[in-house]
Amino acid sequence: MIPKSVLRDGFEISQIIKGGWHLAGGHGAIDATAAQRDMAAFVEAGITTFDCANIYTGVEQLIGDFRRNYPEHAKRLQIFTKFVPDLGDLPNVDRHYVGSVIDRSLTRLGVEQLDAVQFHWWDYSVPGYVETALELERLRRTGKIGRVSVTNFDTPRLKQIVDAGVPVASHQLQYSLIDTRPELHMVDYCHARDIALLCYGTVAGGFLSERWLGHPEPSCEALANRSLVKYKLILDDFGGWESFQRLLAVLQQIATRHESDIASVATRAILDRRGVTAAIVGATNTAHLPAHTKIATLVLTDEDQTLLTDGWREKAGLLGDVYTLERDRAGRHGRIMKYELTKTG
Ligand SMILES: NC(=O)c1ccc[n+]([C@@H]2O[C@H](COP(=O)([O-])OP(=O)(O)OC[C@H]3O[C@@H](n4cnc5c(N)ncnc54)[C@H](OP(=O)(O)O)[C@@H]3O)[C@@H](O)[C@H]2O)c1
């Protein structure tokens, strides 16, 4: 059974969170009945926290349908959705805009309160992110939102939001063995303020698995989905394919010693890092659920951790604060992002 983690206000979530983006259509067509059956299996395994977003096409509605069709499972569920205004809408985000998106999430999910709303702002040069976070905080005080959280903020902007008086509960960000940018500033900042880190990318879309060990370097065009393209770009900046293969070899060595697998070791290694509260795993079905559940009992030694931080890397890895590379819309990372999804989501 997956253990619980406790947020600052005592709210319990599962240490492994089920990702919702993988049900938004970009990772293959979704059968709504099968997807809800899978959700029930995740809840039964103790993965009771689901991540979703106003911009993940159809996913809030799917989770809402799951709640209605599986009422006993629904009682154990925590739902972390997001509020991500479209890039083009940023100048027009006001009380009415925020309120209508939040009301739509409440309706789709069929709840009276959103357990957490994770806020993102695409472009810091457009004013309004502090005011918008304060508006979410106002909605928290009315009871529509349980907790105000953020996703993909850098440290100075998160600090601005916190300093303005928003009690940020958690930060959803990319943190993995190939992307340790949070360790530059964010881990220390969030640790000092008891802001939980909810990490995606711990298996890099599946790259951190046996499937890619010894595999020749793929071109981006040959990859099956945008998620893999995104992580391939991260891999390139992390140090390239040869460094990555060295990391996979180290992971396999550790996995063999623990009768585990590469993906589980990679996720456990991040869960064990300072300030990390939960890992978000992407799933289109239940194929990897048995592996996810074993992460709970996997205990890495100090020697394992040392092997995972040293010895296989030649370059400095990814540079900069959280999500800074991705925010450059003209850069390789930013060019593959989609910025206008609220209306379709
Ligand atoms: N805030 C944001 O900007 C943001 C960004 C990305 C993701 N997220 C959230 O985080 C969730 C997870 O996304 P992610 O990018 O972090 O995906 P991920 O978990 O890194 O990748 C998921 C994929 O990895 C493979 N996989 C998972 N477990 C495995 C295992 N034990 N062994 C081998 N392969 C395994 C599966 O691929 P196969 O099915 O092909 O085997 C699965 O579809 C998303 O659904 C979303 O909710 C948020």
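Residues numbered from 1 in each chain as written. Predicted model: local features only at pLDDT ≥ 70, side-chain atom pairs only at ≥ 80, totals over all residues. Heavy atoms only, no water.

**Points about the sheet that holds strand S10 (residues 276-282)**
The sheet built from 8 strands closes into a barrel, its strands ordered S3-S4-S5-S6-S7-S8-S9-S10 with parallel pairing. Strand-to-strand twist of the sheet, defined as the mean angle between neighbouring strand axes without regard to direction, takes the value 30 degrees. Strand direction decides the pairing type here: strand S8 (residues 170-174) and strand S9 (residues 196-200), joined by 5 bridges, are parallel. Within S9, the residue paired with glutamine 172 across the bridge is leucine 198. (Pairing = 2+ DSSP bridges. Helix = DSSP H or I, 4+ residues; strand = E, 2+ residues; numbered from the N terminus. Axes fitted to C-alpha atoms, helices over the stretch in contact; angles between N-to-C directions.)

**Quick look at the site of the ligand**
The ligand sits among 27 residues. The nearest are Asp51, Gly201, Gly205, Tyr231 and His288. Here an oxygen atom of the ligand and a backbone polar atom of glycine 201 are 2.6 Å apart. In this structure, an oxygen atom belonging to the ligand sits 2.7 Å away from a side-chain N or O atom of arginine 211. Starting from 910 Å² of accessible surface for the ligand in isolation, the protein chains cover 88%. Of all the secondary-structure elements, those providing two or more residues to the shell around the ligand are helix H8 (226-238), S10 and helix H11 (289-295). In terms of residues, the shell around the ligand owes the most to one element, S10, which gives 3 residues. (Near = heavy atom within 4 Å. Polar contact = N/O pair within 3.5 Å; in protein donor to acceptor, adjacent residues only side chain to side chain. Areas by Shrake-Rupley, 256 points an atom, 1.4 Å probe, with all protein chains shown as cover.)

**Thoughts on the nonpolar core**
Within the largest apolar cluster, 114 residues are counted, with the highest numbers of intra-cluster contacts made by Phe83, Ile102, Phe207, Leu251 and Leu308. A per-element tally of this core places helix H9 (residues 240-257) first, with 8 residues. Setting aside residues up to four positions removed in sequence, phenylalanine 83 forms contacts with Asn54, Val93, Tyr97, Val98, Val101, Ile102, Val117, Gln118, Phe119, His120, Thr132 and Leu136. (Core = buried A, V, L, I, M, F, W, Y, C linked by side-chain atoms within 4.5 Å. Buried < 20%, exposed > 50% of the residue type's maximum accessible area, 1.4 Å probe, protein only. Contact = heavy atoms within 4.5 Å.)

**Quick look at the pairing of S9**
Of all 5 residues in S9, 5 are buried, a share of seventy percent or more. Going residue by residue along S9, you find Ala196, Leu198 and Tyr200 tucked away on one face and Leu197 and Cys199 tucked away on the opposite face as well. Between S8 and its parallel partner S9, the chain crosses via helix H7 (residues 186-193), and the hand of that crossover is right-handed. The sheet contact formed by S9 and S10 spans 3 bridges and is parallel. Bridge assignment links cysteine 199 to a residue of S10, and that residue is alanine 279. (Right-handed = clockwise from strand over helix to strand, strands pointing away.)

**Thoughts on the packing of helix H2 (residues 59-69) against helix H4 (residues 95-109)**
Running from amino to carboxyl end, H2 crosses H4 at an angle of 40 degrees, the nearest separation of the two axes being 7 Å. In this view, H2 runs oblique relative to H4, as classed from their interaxial angle. For the pair H2 and H4, the contacting residues are Glu60, Gln61, Ile63, Gly64, Arg67 and Arg68 in the first and Ser105, Thr107, Arg108 and Leu109 in the second. (Parallel < 35°, antiparallel > 145°, perpendicular 65-115°, else oblique.)

**A look at helix H5 (residues 129-142)**
With 14 residues, H5 extends 20 Å between its outermost C-alpha atoms, agreeing within 8% with the 20 Å of an ideal straight helix rising 1.5 Å per residue. Glycine 143 sits one or two residues past H5 and shows a positive phi near 105 degrees. (Expected span 1.5 Å × (residues − 1).)

**Structural notes on the pattern of salt bridges**
By the definition in use, this model includes 23 salt bridges. Note that arginine 108 is salt-bridged to glutamate 60, the shortest N-O span being 3.0 Å. Residue arginine 108 is found in helix H4, and its partner glutamate 60 is found in helix H2; the two are separated by 48 residues along the sequence. Classification of glutamate 60 by relative accessible area gives buried; the value is 1%. Between glutamate 137 and arginine 141 there is a salt bridge, with the nearest N and O atoms lying 3.4 Å from each other. Here arginine 141 and glutamate 137 lie together in helix H5, a separation of 4 residues that amounts to about one turn. Among the charged side chains, a salt-bridge network with shared partners connects Glu217, Lys232, Asp236, Asp237 and Arg332. (Salt bridge = Lys/Arg side-chain N within 4 Å of Asp/Glu carboxyl O.)

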